[in-house]
Amino acid sequence: MERHVLVVYPHPDDESFGKAGTLALYTAAGTPVTLICGTLGQMGRNMGKPFFANRETLPVLREQELRDACDVLGIRDLRLLRLRDKTLEFEDPEVLADHVEKVIREVNPSLVMTFYPKHGVHPDHNALAEATVRAVARLPKDERPIVYGSPVTQNAREVLGPPDVVNDVSSVLDTKMGAIRAHKSQSQAMLEGVQKRMESDPEFKEQYSKFMTQEAFWIVPID
Amino acid sequence: MGPIDKEAVQSAIERFVGQEVYLHLETTNGAYAAHRAESAMAVCAYIRNGKIQFERGTIQGDGPYRVGLKMDGGWTYAEGLTDWEIDSEGRLLLAGNDSEGRLAVALELSLTPFPM
């Protein structure tokens with residue numbers, strides 16, 4: 001059992017897509033989870049379907065969606081850095097790492113989850129993943145938590161090999177879907193598309209169900 | 001926000017003429033455009049809280065609409081605008097949203113800085 005899990009992602013919803021089941025398993029087992037969210041996703045393109053947000057209301061809505069998702073997942077410690085979406089790669093990487101290091105030293109996690117460096121696709125994913133690795137590398141070797149990376153790149157399996165950890169989250173699938181639905185502005189259009197396709201394409205339905213019940217992580221080597 | 005009323009937007013633009021205004025101008029095809037093969041590359045540009053002054057501002061087209069702001073020695077331009085709102089803080093928000101509810105372009109004017 002993990003002592004404490006620290007989760008570091010740049011956008012509200014990053015913690016839910018592809019990871020919410022794993023987080024739900026941790027909180028169900030009584031492991032405290034701390035989530036650092038770097039930005040408010042101010043520059044997101046999805047505004048709901050039909051859209052109900054605009055560029056100026058989006059950050060306020062997304063902050064609430066994130067709080068709702070945390071409630072669903074049993075995450076009771078949420079730290080918002082309130083940086084600006086799409087700008088993390090332009091911040092001083094040492095300062096970004098300072099934010100993460102401060103929380104690591106405070107909560108002493110046995111496991112840290114972030115995106116896999118250089119495999120995040122979104123520049124914010126890569127910047128915050130690299131800052132997280134940098135923060136962990138500042139600790140003495142024997143005090144470092146394990147770091148789970150989530151790659152987004154299409155060729156991750158070819159480049160990184162098979163995942164180190166695959167969690168079956170079927171027992172908490174409803175919770176996972178609840179967290180994803182909490183991010184209504186970001187998930188509504190996607191879920192509608194998936195639903196339509198599942199109704200007409202049994203093969204896709206099977207693939208998608210498998211995809212949703214398995215969450216894969218790669219251990220990130222430090223230094 | 002609702003569908004653009006061209007005359008109402010024209011009047012709203014004119015309220016900002018000759019004043020120092022804060023501009024948010026943006027266009028994006030999404031950070032995952034290339035990843036999802038929707039496009040050859042992800043493209044985005046934005047300026048937030050650029051300070052401008054314009055002497056003439058006009059909305060054109062039959063929908064989606066274009067807006068051009070003629071500045072002293074330059075232009076501000078946006079194409080693909082579909083929706084508008086004057087929000088509770090008196091800011092003019094214009095956006096181009098696609099059929100999936102995604103924002104593709106935004107042009108916003110305010111007399112006070114947009115929050116960071």
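Residues numbered from 1 in each chain as written. Chains lettered and ligands numbered in written order. Predicted model: local features only at pLDDT ≥ 70, side-chain atom pairs only at ≥ 80, totals over all residues.

Per an unreviewed UniProt entry, chain B carries the name DUF1806 domain-containing protein and comes from Alicyclobacillus ferrooxydans.

The name an unreviewed UniProt entry assigns to chain A is Deacetylase, from the organism Alicyclobacillus ferrooxydans.

When helices and strands are tallied, chain B shows 1 helix and 9 strands. Moving toward the C terminus, one meets the helices and strands of chain B in the order β-α-β-β-β-β-β-β-β-β. Here the C-alpha atoms of chain B give a radius of gyration of 14 Å, agreeing with the 13 Å that 2.2 N^0.38 yields for 116 residues. If you line up chain B on its principal axes, its C-alpha atoms span 45 × 30 × 25 Å. (Helix = DSSP H or I, 4+ residues; strand = E, 2+ residues; numbered from the N terminus. Rg over C-alpha atoms; globule rule 2.2 N^0.38 Å.)

Here is a general trend for soluble globular proteins: nonpolar side chains tend to be buried in one another's company. Among the nonpolar cores identified, the biggest contains 47 residues, and V7, V8, L23, L73, V100 and L128 of chain A are the most heavily contacted of them. Excluding its chain neighbours within four sequence positions, the residues that come into contact with L73 of chain A are A20, L23, A24, T27, T175 and A179 of chain A. Among the nonpolar cores identified, the runner-up in size contains 31 residues, and A53 and L58 of chain A together with L23 and A95 of chain B belong to it. (Core = buried A, V, L, I, M, F, W, Y, C linked by C-beta atoms within 7 Å. Buried ≥ 20, exposed ≤ 12 C-beta atoms within 10 Å, placed from the backbone. Contact = placed C-beta atoms within 7 Å.)

Our focus in this paragraph is the sheet that holds strand β7 (residues 83-86) of chain B. Residues and elements named next belong to chain B. Pairing in this open sheet of 6 strands is antiparallel, and the strands run β1-β7-β8-β9-β2-β3 from one edge to the other. Looking at strand neighbours, the two that pair on one side only are β1 (2-3) and β3 (44-52), the edges of this open sheet. One ladder, built from 2 bridges, connects β1 with β7; its direction is antiparallel. In the sheet register, G2 faces β7, and the bridge partner there is W84. (Pairing = 2+ DSSP bridges.)

Turning next to the packing of helix α7 (residues 184-200) of chain A against helix α8 (residues 202-213) of chain A. All names here are of chain A. As a packed pair, α7 and α8 sit with axes 6 Å apart at the nearest point and diverge in direction by 130°. Relative to α8, the element α7 lies oblique. Seen from α7, the contacting residues are V194, R197 and M198; seen from α8, they are F204, K205 and Y208. Looking at side-chain class alone, the contact of α7 with α8 contains 4 nonpolar, no polar and 2 charged residues. (Axes fitted to C-alpha atoms, helices over the stretch in contact; angles between N-to-C directions. Parallel < 35°, antiparallel > 145°, perpendicular 65-115°, else oblique. Nonpolar A, V, L, I, M, F, W, Y, C, P; charged D, E, K, R; others polar.)

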